[in-house]
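Report on the structure
Here's the letter readout for the chains.
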Amino acid sequence: MAHSSSSAMGLPSNPRDRPRLLPTNRKLRNLISISLRNVSAISPDSPRAQRVRTTDDDALPQSLKSPSKIVALREQKNLGHSRSSTDLRSLAEDAVVEEAESADAVAIANGSPRANKQKQRLYSTATTSPKRPDLRRMRRRSTLEWANSTPTKRQQRLEDVVSEHLVDTFFTLHVPGLEDAVYISELVDRTMNPTFGHIDWTGCGPGITRADNMILRVWLRRGSTRRWQQLLRFTIDMQGLQYMGKSLESVHRQFPINAVLLHLSDGVYAASSSVIDLLPQTYASSSRPSTSGTSRVSPTSSFDSLLRLARLDDSIQDALSIRDNITVDLEEILHNSEEALAERDQARQAADRLKTIEFATMVVRRQLDKAKKQQEEKRTALLSRRNLMQADWKARGAQADEMAAFQPELPSMSDERNIKQKAVQNQRRRICEELQQCYPIRPQPGKALAFTIRDLHLPNSEDLDSEPPERIAAALGYVVHVLQMLSFYLDHPLPYTMIYRSSTSTIFDRISILKFSSTNSTTAADLKLRTYPLFSKGVPRFRFEYAVFLLNQNVRLLLDNVFGVRVLDIRHTLPNLKYLVYVATAGEGDLPARKAGGVRGLLRAPVMERSGSMDSNTSRLSGLTLASLGLTGNGAANGGKAKTATERLREIDGRG
């Protein structure tokens, strides 16, 4: 009973081939893939889908062969092609039935004893089976053109026939209650048996993966048309699936048109609507029901056909033997002409080698011509260089002759230059010494690195708020004046130009990169922006601090560039300036004395006296010297108190 029940359910008798999932446990999450077999857009009920068999001309009534015809056909050497590819068996049977019916009709008309039986048989035949068409209306479709066509044309026709059945397919899965598809497969091109890829359920929720009902829609598109159409629409119940096997390789069955196979985690299943006609391949043909009411057995082949097949086999064997003979002859010919073929190959190789050598020779000739051209150019360049070298040699000889003429005078000129250079250095020492006396820089007692200039204390840059702003501005003005004089006498320009105005002195920065707030700034605004005050009253603090920084940079550059002395801290303004003056006055020997004439610019000009363009006061001032104004070192000896220029002028006016 168990065996009969399992067979009735469609399950295999072997327990190993049975499914592992119970029908109630089959859910959408167990669905792995879907396959389709024998996909066709033609309906199975369509006349085009009916498979008809072709018979040869032996089924025609007029082609019956007598024993004399068979003997005559044995002597024929040519094989004839069938003149029709349609089913002519039914036509022959219809002709025999029609002849029998006509005979019965005659018997009935004559009143024979079989009249009632014949009449009953004709009535049953007319009511049970449809009337066959008239034999005269049927036309055979000629295939002579197909038989005599070229192999290329036959291949093209076969490809056209195959391409009519190949379609592009994909499927969609729907769940009842949802309007959109829960899965859309990939597109499989030009096939009748598509096998789609694995279904990914990661994007679906448990409400979908736990469902046991789904709707499968199969869409196809033919090669000639680009419009998609729906081929199948199945409502599949996972519990009603029929188990087929572990895999498709283990399924040996004949699938019907548009068969749907479901690949689950335990094997292959088929939908209930597509397995009605699934039968084993071994007995599928024997179990097919007959189309007519009675079983008809048709012969496979006639004796004439077998005879022609035997002749065809003989012809094929003869062709094979001829092919083998031709192969042997060709091998013998090749073996005999092996030496000639080798010589031909050697001649071709020699010709190729000759062409290669000719090409290499042409390349070498081109390279040689190029090298010769470069050699000529180099020779010309060398000749011109030799001419230039000879001309330069002659010029050097002439210059050497000229130098030889002045050679006795060179030692005396060198000594004179050294004497003048030493005199200039001593004069600079003297001037710096007098400048130090005009602006004395003295240290404050009890304080480290604290100095005063003309009795005004100037603190370092980080402590500028320790003194009143007026005293700081006046001290910075003295420093500006000292630096201007040192730059002039030492013949070294300063990078940051200073404008001396006593306690309102300024410094100009022309080399720093400044970003202006507006792009349309004028030159005057640019100059004003780059001019920084050396006084802190009424100006932004950062501009004053930057001006002090530029002043300290000037002191550092004079020490570094003129005397090669490195400054340790540029924030010490007066200590660095004191060190600069000290280095400038250092030297060997005594300081030279001032010339007796004084400054020539202050002497009275004879031309200006004759012209009378100067008044009495101007002519009186022109005879003054720097010593009469008390600006020399001797002026400090008169009582130890320096007199101002106004007091000196008053004394001169009183004397006059």
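Right above here is the structure, for reference.
Scoring rules and cut-offs
- Residues numbered from 1 in each chain as written.
- Predicted model: local features only at pLDDT ≥ 70, side-chain atom pairs only at ≥ 80, totals over all residues.
- Heavy atoms only, no water.
- Phe/Tyr/Trp six-rings, centres within 6.5 Å; stacked < 30°, edge-to-face > 60°.
- Helix = DSSP H or I, 4+ residues; strand = E, 2+ residues; numbered from the N terminus.
- Buried < 20%, exposed > 50% of the residue type's maximum accessible area, 1.4 Å probe, protein only.
- Lys NZ or Arg CZ within 6 Å of the ring centre and 35° of its normal.
- Pairing = 2+ DSSP bridges.
- Axes fitted to C-alpha atoms, helices over the stretch in contact; angles between N-to-C directions.

Moving on, we get to the packing of aromatic side chains. If you walk through the whole model with that rule in mind, you get 9 aromatic pairs. Between Y183 and W201, the aromatic rings sit 6.5 Å apart at their centres with planes inclined by 40°, giving tilted as the arrangement. Here W201 lies in the loop between β4 (188–191) and α7 (206–209) and Y183 lies in strand β3 (residues 183–184), a separation of 18 residues in the sequence. Classification of Y183 as buried rests on a relative accessible area of 14%. A relative accessible area of 12% means that W201 is categorised as buried. By way of ring pairs, the aromatic residues F171, Y183, F196 and W201 are connected into one cluster. Directly above the aromatic system of Y478 lies the positively charged group of R454, at a separation of 5.9 Å from the ring centroid.

Quick look at the sheet that holds strand β16 (residues 506–508) now. Taking strand neighbours across the sheet as the criterion, the 3 strands line up as β15-β16-β17 in an open arrangement whose pairing is antiparallel. The sheet is open, and its two borders are formed by β15 (497–499) and β17 (531–533), each paired with just one other strand. Averaged over neighbouring strand pairs, the angle between their axes works out to 25° when direction is ignored. Strand direction decides the pairing type here: β15 and β16, joined by 3 bridges, are antiparallel. When the bridges of β16 are listed, M498 appears paired with I507.

To continue, consider the sheet that holds strand β1 (residues 31–37). Taken together, the 4 strands give an open sheet; going across it, the order is β1-β9-β10-β7, and neighbouring strands pair in antiparallel fashion. Edge strands, defined here as strands with exactly one partner in the open sheet, are β1 and β7 (242–245). Neighbouring strand axes in the sheet, compared pairwise and without regard to direction, differ in orientation by 35° on average. Pairing analysis gives 4 bridges linking strand β9 (residues 259–264) to strand β10 (residues 267–270), with the strands arranged antiparallel. Each bridged residue has a counterpart across the sheet, and for H263 the counterpart in β10 is V268.

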